[in-house]
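Here is what each chain is made of, one letter per residue.
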Amino acid sequence: MENLDFEMRRCLPAELIAFLHIAGEKAGAQEQKLYLVGGAVRDLLLHRPILDLDLVVEGDAPYLARQLAKSDRMGEEKGKGEGRVTVHRQFGTAKFRRGGLNIDVITARSEIYSQPGALPTVQPGTIQDDLLRRDFSINAMAIDLSPASFGQLLDPHGGWNDLEQRRNVRILYERSFIDDATRILRAIRYEKRLGLTLEKNTERLLREHISMLDTISGDRIRHELELILKEDIPEQILERAEVLGVLQQLHPSLRGNGWVAERFRKARQKAIADSALYLLLLTCHFSEADIEHLIARLKIVGELGRNMRQVPRLTEVLPSLDDNALPPSGIYRLLKRYHPKTIAACSLASNSAIIRSNLERYLNHICYVKPLMDGEDLINMGVKPGPRLGSMLETLREARLNGQVITKEDEEALVRQLMRNH
Ligand code: CTP
């Protein structure tokens, strides 16, 4: 068995290692064994930064988490949500933040899937059970944190070999994708992020069980899609997902082709890329019916859903923006109803340089222009509160956009004229 004490010292801050020693000792004092598992072990072996810690205890996770958070000086000093423990008794899990890291403590368990895609029934188990229930060999390694064997690697499924030698993403058992089809999306995310390849049998089973994605709830699919869109180069994952038929299973109109890749790259160059903008780009050629279908499938709510629905409407307006001679007020009038993110997505998607330039003018300048006078100023001049006051403010804004008013006196003169004309 390998000891990773050296790797840990090389890759983790001394203070964090001290914390892991203390954690192992505290568990040991309860005659329980504690392990670091999952992504942190994988990333440690790859010398990649570690963002979260998953700890598995063969014992009572909520109890241990509380003890750790309580005794941890760092947690107390940092304040602001640090050291506060959130417990899920039902799942035997607890989490807290420490030194900027999310720490999850879970009770070692085995899982039984009664139905594909449903959450499993869990029962306490050993670390071996806990590693066996995991998605891929590269995520099914553990480091022992017990005082007597601190740093020992547990790798019952050959994860290290898959990481270093064969560079494989490999599931642990035949029914893995049936039990939890989110693993289909996770597999290609790890493949591209870590420069690995789906192991042959894993790829065969993934292709065979793609329809199992239909067993996964909208919330879980959306979460996995967001994780993909938060990767450094998501278009690589989407391309692979299209080749494997995964994207089409989520929605027949989704594409991960070169057009998408080019737009994603442009969004990053302009430093406006985020998962919401990427999703708008992925759906900007969708019909309204397609959009509704995807929103329902992924249970999208709030601003993102509103922006997705705006895209087909804005697409219909775009031909009117294909005009070099449009005054700023004209551009404003056409675009004022649309969210800047929707406009940014349509700009990236458009093939017309004139349309793009008008959309960019709006985003960079026009949308910020406001009259110097506000509603109160107009009321002080004798305008009655109501819709007419709103429309006067809009007239002032458009006059300013077109350079027809400069000073406050210009605006006051225009208001007086509007009042006379009424
Ligand atoms: N896991 C799993 N099946 C899933 C989700 C998670 O087996 N559908 C296990 C894996 O062992 C994984 C661990 O739970 O390593 C933690 O999950 P998560 O935080 O999603 O992944 P990380 O490994 O931390 O990787 P990432 O860097 O992508 O966050």
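Residues numbered from 1 in each chain as written. Predicted model: local features only at pLDDT ≥ 70, side-chain atom pairs only at ≥ 80, totals over all residues. Heavy atoms only, no water.

### Comments concerning the side chain of N307
Right, so step 1: Position of N307 among the secondary structure elements: in helix α17 (residues 302–317).
Right, so step 2: Ignoring any residue separated from it by four or fewer positions in sequence, one finds N307 in contact with L280, H339, K341 and T342. (Helix = DSSP H or I, 4+ residues; strand = E, 2+ residues; numbered from the N terminus. Contact = heavy atoms within 4.5 Å.)

### With respect to the site of the ligand
Right, so step 1: The ligand sits among 14 residues. The nearest are R134, D135, D180, R189 and R193.
Right, so step 2: When residues of the shell around the ligand are traced back to their parent elements, those giving at least two are α3 (39–45) and α9 (182–194).
Right, so step 3: Looking at the shell around the ligand, the element that brings in the most residues is α9, giving six residues.
Right, so step 4: Both domain 1 (5–166) and domain 2 (168–300) contribute no fewer than three residues apiece to the shell around the ligand. (Near = heavy atom within 4 Å. Domains from an automatic or database assignment.)

### Digging into the environment of V37
Right, so step 1: Within the secondary structure, V37 is located in strand β1 (residues 34–37).
Right, so step 2: Distance from V37 to N168, taken between C-alpha atoms, is 19 Å for residues 131 residues apart in sequence.
Right, so step 3: Not counting residues within four places of it along the chain, the set of residues in contact with V37 comprises D54, V56, I127, L131, R134, M141 and A142.

### Side note on the domain arrangement of the chain
Right, so step 1: Splitting the chain by domain gives domain 1 (5–166), domain 2 (168–300), domain 3 (307–365) and domain 4 (375–421).
Right, so step 2: Taken over C-alpha atoms, the centre of domain 1 sits 49 Å from the centre of domain 3.

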